[in-house]
Amino acid sequence: MGFKLWQFHGGLRLQGHKKQSMHEAVVKAAIPSILVHPLQQHIGEPAQAVVEVGDHVLKGQLIADFKDHIGAPVHSSTSGSVIAIEERLIPHASGFKALCIVIEADGKDTAFEYPTYDHTELEAEQLRDILRDAGIVGLGGAGFPTYVKLYPGNKHVVDTLILNGAECEPYITCDAMLMQEQPRKIIEGLLIMQHALQARHCVIAIEDNKRAAHTMLVNALKEHEAECIDIIQVPTIYPTGGEKQLIKIITGKEIAARARPIHKGVLCHNVATAAATRDALDGKPLISRIITITGDAVKQPRNMEVRLGTSFKTLLDECGIDRSTPYKLIMGGPLMGTAIHSEDVPVIKTTNCILSLKLEDSKIPTMPCIRCGECAKVCPANLLPQQLYWYARAKDFDRIQDYNLFDCIECGCCAYVCPSKIPLVNYYRFAKNEIWTQEQEKEKSDAARERHEFRQFRMERKKKEDEERKRLKKELLKKTTGQSDDKDNKKAAIEAAMARVKAKKEQQKKNVDDLTDAQKKAIADVDARRKQPKQATSDSNESSDK
Amino acid sequence: MFEALIAITVLAILFGLLLGFSSIRFKVEGDPIADQIDSILPQTQCGQCGYPGCRPYAEAIAKGKAPINQCPPGGEAVIHALSDLLGVDPIPLDEELEVKEEKTVVVIDEQICIGCTLCIQACPVDAILGAAKHMHTVIKSECTGCNLCIPPCPVDCIYIVPAEEGIKSWKWSIPEAPLEHSPIEIVAPEGAENGI
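Treat the numbers as computed from the prediction; the structure is a model and nothing was measured.

## Some details on the overall build of chain B
The secondary structure content of chain B amounts to five helices and four strands. Starting at the N terminus and ending at the C terminus, chain B contains elements arranged as α-α-α-α-β-α-β-β-β. For chain B, with 196 residues in total, the buried portion stands at 29%. In chain B, once contacts between residues fewer than 6 apart in sequence are set aside, the share between residues at least 24 apart is 52%. Summed over all atoms, the accessible surface of chain B reaches about 13100 Å², with 60% contributed by carbon and sulfur.

Dropping the structure here:
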């Protein structure tokens, strides 16, 4: 084909562990009885529930929406009734709970009807609105809302649109299976994206170990007369599927720190996102996805098309999890995935893989860094991992940023090769978190200072205004009461005022002046009661106590 | 000899005028060091340092009247930043001051609140909203957690709660430090007393 490929620095050749989950075709998972939909499954604002407990919802119906800024709505993945909107465990490294909409399926699976569209008749803006309303987010793992990424802005032109089918992490095969089974959908989705972005050139990148997927896509492409699309095999080196790494391989362009690919005229989307885009135009919001359930703790590793909200437990049971030996759960791959502490968490939009691995008996202790430099050799971002490690340990957050901590993609290559088994990535995550927190605190303290200073200014102003008012009043008093303010004048004024008040009081009627007979009697009764000896009242109190 | 004397005098007058002019023309208002210190302080305005707010404390540090270890909300981070800025050695936080581990804000129990406005007057950052004999409430995002509103409350209806809960405030913690020594026992050669 004569397409020139570039290379990125470092990377690893890892054992794939992919075959085990690719024996079977993608199986549709059964509809579970309970579905849990977290309100935040994406990057951005959490969505707000638009249904109430007791409501009946249909499959694909909107159940949570976001207001402004960046976010994504959530749709019910089957028909049923909302039984709770409450805090439930979600698949997050913290193991915390978050607000979720819980739906009990009614088994009918009645779908909510959405209109279908032909993308060639739509403007880019209309397309983006459809994708936003369908809740499409990046399905590669990050979950960034797709409609935002399909808006390059007025300044930028998309030269190359890359569809990322590299899937470089071991164990995960959901994208490979999708490419094998639904290649046409992916190409159609890519054409929709191309239409929205007006991209000049599209590339589907596939790692060279996925031959079946490549063949299927090439065959599907022949049916479409899309000359702007190239299907390219990239070398199987972890992390080829990283956005910046893939862009480097295909275009040779390097994305600067704090810059986005669009600044260089490149955009990257995942193959599964393209397929979901196609579905969105067919009137199907994002309510299911293909995920890989694999690892040596399940007997039947495979890919399943799962409705969002299905619990991990159901899926693990279906694949025959072996609970007799201790195992750990990871959402995502073994290098970049997040450890999950409970099986009672739901599948969300960004769940691409559930990996369950048997725990090894002997835990190798962390040893001191011996400065061997292996980590720097493999770092795909060209960083100095051990320097970052030392500064993170010393909590020297200024220095660590000088060494470009924020260019770290947390791929885990450094920790993988580390002979001392130092959990390097955890140190970088810690440092990034601390720096973000400090920045937030700085913003907060600046706001507090502003408010405090304004308050002081306001109090000062009020004091001045009060003084000014007092002064003016005094002057006014001087004018009205005559030029001289000797004591006799004042006294006379006071006496006159008192006389006025007295006269007014005499004129006023008292409330006992003219009473009806009944009122007089009532007053007399009350007086009589008062005159009764005290003893009697206290007695009656005691008797009432008893 | 005489020319040299004149030249030096003329130069002296010239430079004197130049310096005098620039000291008036380029006069710096306020104390720039105090500004820098103030930007490091956490702006809770809590007064635990013994000064009525962060700015007065910053000015006191700038004049050398106050030590840098009087700010409990800032903790170690502020002490280090101040020691970097001022070129003095970091000292541990004053032991008499109480250190809050987690960030907190206050909430007003609106059922009990009588609308006396005392807390509004006490709040240094205008984070309490309300009017006389009307319900008061705390604007959570603006509350600095200084707790200055608690003592004036006549009905004790203001409570301290953690600032943020849940996933947003969750952070990765620093991993356990690696072993300082090899887990394999190293046998010291005979005669050596203190190992290797």
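## Structural notes on the overall build of chain A
When helices and strands are tallied, chain A shows 16 helices and 17 strands. Compactness check: chain A gives a C-alpha radius of gyration of 36 Å against a globular reference of 24 Å for 546 residues, more than 25% above the reference. In terms of overall dimensions, chain A has C-alpha extents of about 110 × 65 × 60 Å along its principal axes. Here chain A, with 546 residues, has 44% of them falling under the buried criterion. Sequence-distant contacts, at least 24 apart, represent 73% of the contacts inside chain A between residues at least 6 apart. In the form shown here, chain A has an accessible surface area of approximately 29800 Å², with 51% of it arising from carbon and sulfur atoms. If the 79 positive side-chain charges of chain A are averaged to one point and the 75 negative ones to another, these points end up 7 Å apart.

## Re the side chain of A:Q61
Residues and elements named next belong to chain A. Within the element layout of this structure, Q61 appears in the loop between β4 (56–57) and β5 (62–65). Look at Q61 and you get buried, because its relative accessible area is 18%. The contacts of Q61, once residues within four sequence positions are left out, are H56, V74, H75, S76, F112 and Y114.

## Describing the interface of chain B and chain A
Listed per partner, the contact involves 34 residues of chain B and 34 residues of chain A. Taken together, the two surfaces of chain B and chain A that pack against each other cover about 3000 Å², and 59% of this comes from carbon and sulfur. Of the charged contacts, one joins B:K171 and A:E434 as a salt bridge, the two residues approaching to 3.1 Å between their closest N and O atoms. Inspection of the region where chain B meets chain A yields 13 residue pairs in polar contact (both at pLDDT 80 or more). For the side of chain B that touches chain A, the elements supplying multiple residues, two or more each, are α2 (32–40) and α5 (118–122) of chain B.

## A look at the domain arrangement of chain B
Residues and elements named next belong to chain B. Here chain B is described as being made up of domain 1 (32–96) and domain 2 (100–164). Put simply, the middle of domain 1 and the middle of domain 2, counted by C-alpha atoms, are 25 Å apart. Between domain 1 and domain 2, the residue contacts involve four residues of the former and five residues of the latter. Together domain 1 and domain 2 conceal approximately 390 Å² of surface at their shared face, both sides included; 58% is due to carbon and sulfur atoms. The largest contributions to the domain 1 side of the interface with domain 2 come from T44, Q45 and C46, which together make up 80% of the buried area.

## Remarks on the side chain of B:D38
With respect to the secondary-structure elements, B:D38 resides in helix α2. You can call B:D38 buried: its relative accessible area is 3%. Apart from residues no more than four positions distant in its own chain, B:D38 is found in contact with A:R449, A:E453, B:Q43, B:C54, B:R55 and B:A58.

## Thoughts on the packing of helix α3 (residues 174–181) of chain A against helix α5 (residues 211–223) of chain A
All names here are of chain A. In contact at an axis separation of 7 Å, α3 and α5 are set at 35 degrees when each is read in the N-to-C sense. α3 and α5 meet at a crossing whose hand is left-handed. Together, A176, M179 and Q180 of α3 and A212, A213, M216 and L217 of α5 make up the contact between the two elements. Its residues placed into classes, the contact of α3 with α5 shows six nonpolar, one polar and no charged.

## Side note on the environment of A:L384
Residue and element names in this part refer to chain A. Relative to the assigned elements, L384 resides in the loop between α9 (374–378) and α10 (385–393). A sequence separation of 56 residues divides L384 from K328, and the C-alpha atoms of the two residues are 30 Å apart. Residues in contact with L384, not counting those within four places in the same chain, are A376 and Y403.

## Quick look at the packing of α10(A) against helix α13 (residues 424–480) of chain A
Any two packed helices are characterised by how steeply their axes cross, that is the angle between the axes, and by the distance between the axes. All names here are of chain A. As a packed pair, α10 and α13 sit with axes 9 Å apart at the nearest point and diverge in direction by 55 degrees. The orientation of α10 relative to α13 falls into the category oblique. Where α10 crosses over α13, the two elements pack in a sense that is left-handed. Contacts between α10 and α13 involve P385, L388, Y389, A392 and R393 from the former and L424, Y427, Y428, F430 and A431 from the latter. Looking at side-chain class alone, the contact of α10 with α13 contains nine nonpolar, no polar and one charged residues.

## What to know about the layout of surface pockets
Residues and elements named next belong to chain A. Of the volumes computed, that of the second largest pocket is approximately 2100 Å³. Among the secondary structure elements, those contributing two or more residues to the lining of the second largest pocket are β15 (327–331), β16 (338–340), β17 (353–358), α12 (413–417) and α13. In terms of residues, the lining of the second largest pocket owes the most to one element, α13, which gives four residues. Broken down by class, the residue content of the lining of the second largest pocket amounts to 27 nonpolar, ten polar and ten charged.

## Some words on the pairing of strand β13 (residues 288–294) of chain A
All names here are of chain A. Within β13, six of the seven residues are buried, which leaves it mostly tucked inside the rest of the structure. Sheet analysis places β13 next to strand β14 (residues 302–307), joined by six bridges and oriented antiparallel. Directly across from T292, in β14, lies its bridge partner N303. Taken together, the three bridges between β13 and β17 define a ladder with parallel strand orientation. The partner of T292 across the bridge, within β17, is C353.

## Side note on the nonpolar core
All names here are of chain A. With 77 residues, the main nonpolar core has L161, I204, I229, I293 and L315 as its most contacted residues. No other element matches helix α4 (residues 183–197), which puts eight residues into this core. Once residues within four sequence positions are removed from consideration, L161 is found in contact with L190, M193, Q194, L197, A199, H201, C202, V203, L267 and H269. Formed by 22 residues, the second largest nonpolar core is a distinct cluster that contains C379, Y389, I400 and F430.

## Details of helix α14 (residues 487–507) of chain A
Over its 21 residues, α14(A) runs 31 Å from end to end, which matches the ideal 30 Å to within 8%, given 1.5 Å per residue. Of all the 21 residues making up α14(A), zero are buried; the element is thus mostly uncovered.

## A look at the confidence of the model for chain B
All names here are of chain B. Residues of chain B with pLDDT of at least 70 account for 90%, and the chain-wide mean is 85. The spread of mean pLDDT over the elements of chain B runs between helix α4 (residues 75–86), the lowest at 86, and helix α1 (residues 2–25), the highest at 94. This prediction of the complex comes with two scores: 0.80 for pTM and 0.78 for ipTM.

## Quick word on the sheet that holds β4(A)
Residue and element names in this part refer to chain A. Strand order in the open sheet formed by four strands is β2-β8-β7-β4, and the pairing between neighbours is antiparallel. Single-partner strands in this sheet number two, and they are β2 (34–38) and β4. In this sheet, strand β7 (residues 80–89) lies alongside β4 in antiparallel orientation, the contact comprising two bridges. Paired with H56 across the strands is S81, a residue of β7.

## Description of helix α6 (residues 243–251) of chain A
Residues and elements named next belong to chain A. Along α6, the positions that sit buried rather than exposed are Q245, L246, I247, K248, I249 and I250. Summarising the contacts, the buried residues of α6 are in contact with β9 (160–165), β10 (201–207), β11 (229–234) and β12 (266–270). Downstream of α6 by a residue or two, G252 has a phi angle that is positive, lying close to 80 degrees.

The rules behind each value
- Residues numbered from 1 in each chain as written.
- Chains lettered and ligands numbered in written order.
- Predicted model: local features only at pLDDT ≥ 70, side-chain atom pairs only at ≥ 80, totals over all residues.
- Heavy atoms only, no water.
- Helix = DSSP H or I, 4+ residues; strand = E, 2+ residues; numbered from the N terminus.
- Buried < 20%, exposed > 50% of the residue type's maximum accessible area, 1.4 Å probe, protein only.
- Contact = heavy atoms within 4.5 Å.
- Areas by Shrake-Rupley, 256 points an atom, 1.4 Å probe, with all protein chains shown as cover.
- Rg over C-alpha atoms; globule rule 2.2 N^0.38 Å.
- Lys, Arg positive; Asp, Glu negative; His and termini not counted.
- Charge placed at Lys NZ, Arg CZ, Asp CG, Glu CD.
- Buried area = accessible area lost by both parts, 1.4 Å probe.
- Salt bridge = Lys/Arg side-chain N within 4 Å of Asp/Glu carboxyl O.
- Polar contact = N/O pair within 3.5 Å; in protein donor to acceptor, adjacent residues only side chain to side chain.
- Domains from an automatic or database assignment.
- Axes fitted to C-alpha atoms, helices over the stretch in contact; angles between N-to-C directions.
- Left-handed = near helix turned anticlockwise from the far one by under 90°.
- Nonpolar A, V, L, I, M, F, W, Y, C, P; charged D, E, K, R; others polar.
- Parallel < 35°, antiparallel > 145°, perpendicular 65-115°, else oblique.
- 1 Å grid on protein atoms, 1.4 Å probe; cavity = no way out; pocket = protein on both sides within 12 Å on 5 of 7 lines; lining within 4 Å.
- Points joined across faces, edges and corners; volume = space filled by probe spheres on them.
- Pairing = 2+ DSSP bridges.
- Core = buried A, V, L, I, M, F, W, Y, C linked by side-chain atoms within 4.5 Å.
- Expected span 1.5 Å × (residues − 1).
- pLDDT = per-residue confidence, 0-100.

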